[in-house]
Amino acid sequence: MTSQECKALVFCCSDFRLVEPIKNWLDEKHLASNYDLVSVSGGVSKLDSIKENFLVKQIEAAIAEHNISEVFLIAHNDCSAHGGRGSFDSSEAENDFYLLNLQKTKEKINSLFPEIQVKNVLVKINPLGQINFEENV
Ligand SMILES: [Zn+2]
């Protein structure tokens, strides 16, 4: 790996509550200063065609410029872009919604970039504000 290269691109929601926890989690994964970060409101769960095209361009750039080999897709519950946890009938329904969007986005990236390893992560924020990361969901 050269000084111009890094391991991963991370795509997540721009939610302020996640900025520090995601950085710390990636540090624990030994990815400190080793990833490109792309954050937009709603992340994978609010991808219209414009944002999806934007994500694809970001991945293309990260491959061309930094030779990344992994993409982390990080979704989270209680997302303001979807009205928060109160807009779902249950926490199971809410989690299923984010898991489905993670899976759909992963399949899209796999089809466009078969050489890239895509890792799905669901961040769960409980009503007390405690945050838990679930990988390979
Ligand atoms: Zn969010």
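All values reported here derive from a predicted model rather than from experimental measurement.

## Details of the overall build of the protein chain
Regarding its fold elements, the protein chain presents 3 helices and 5 strands. Ordered by position from N to C terminus, the α and β elements of the protein chain give β-α-β-α-β-α-β-β. The C-alpha atoms of the protein chain give a radius of gyration of 15 Å, which matches the 14 Å a tight globule of 137 residues would have. For the protein chain, the C-alpha atoms occupy an extent of roughly 45 × 30 × 20 Å along the three principal directions. Classification of the 137 residues of the protein chain by burial places 27% in the buried group. Restricting the contact set of the protein chain to residue pairs at least 6 apart, pairs at least 24 apart contribute 72%.

## Focus on the nonpolar core
Leu9, Val10, Phe11, Leu73 and Ile74 are the most contacted members of the largest nonpolar core, which totals 27 residues. At the level of secondary structure, the elements contributing two or more residues to this core comprise β1 (8-12), α1 (16-28), α2 (49-66), β3 (70-76), α3 (91-112) and β4 (117-125). Setting aside residues no more than four positions away along its own chain, leucine 73 makes contact with Phe11, Val44, Leu102, Thr105, Lys106, Val118, Asn120 and Val121.

## Overview of the sheet that holds β1
The strand order β2-β1-β3-β4-β5 describes an open sheet built from 5 strands, whose pairing is mixed. The open sheet terminates on both sides in strands that have one partner only, identified here as β2 (35-39) and β5 (131-135). Pairwise comparison of adjacent strand axes, ignoring direction, gives a mean angle of 20° for this sheet. Pairing analysis gives 5 bridges linking β4 to β5, with the strands arranged antiparallel. Its bridge partner being in β5, leucine 122 is matched across the sheet by glutamate 134. Relative to β4, α3 is tilted by about 165°, and along the sheet it contacts β3 and β4.

## Brief notes about unusual backbone geometry
Most peptide bonds take the trans configuration, and most residues that are not glycine carry a negative phi. For histidine 30, which is not a glycine, the phi torsion comes out positive at approximately 65°. Of note, histidine 30 is situated in the loop between α1 and β2. Positioned with a positive phi, asparagine 136 is a non-glycine residue whose angle comes to about 55°. When the 7 C-beta atoms within 10 Å are taken as the criterion, asparagine 136 is described as exposed.

## Regarding the pairing of β4
With 7 bridges connecting them, β3 and β4 associate as parallel partners. Within β4, the residue paired with phenylalanine 72 across the bridge is lysine 119. For the crossover from β3 across α3 to β4, the handedness is right-handed.

Thresholds applied
Residues numbered from 1 in each chain as written. Predicted model: local features only at pLDDT ≥ 70, side-chain atom pairs only at ≥ 80, totals over all residues. Helix = DSSP H or I, 4+ residues; strand = E, 2+ residues; numbered from the N terminus. Rg over C-alpha atoms; globule rule 2.2 N^0.38 Å. Buried ≥ 20, exposed ≤ 12 C-beta atoms within 10 Å, placed from the backbone. Contact = placed C-beta atoms within 7 Å. Core = buried A, V, L, I, M, F, W, Y, C linked by C-beta atoms within 7 Å. Pairing = 2+ DSSP bridges. Axes fitted to C-alpha atoms, helices over the stretch in contact; angles between N-to-C directions. Right-handed = clockwise from strand over helix to strand, strands pointing away.

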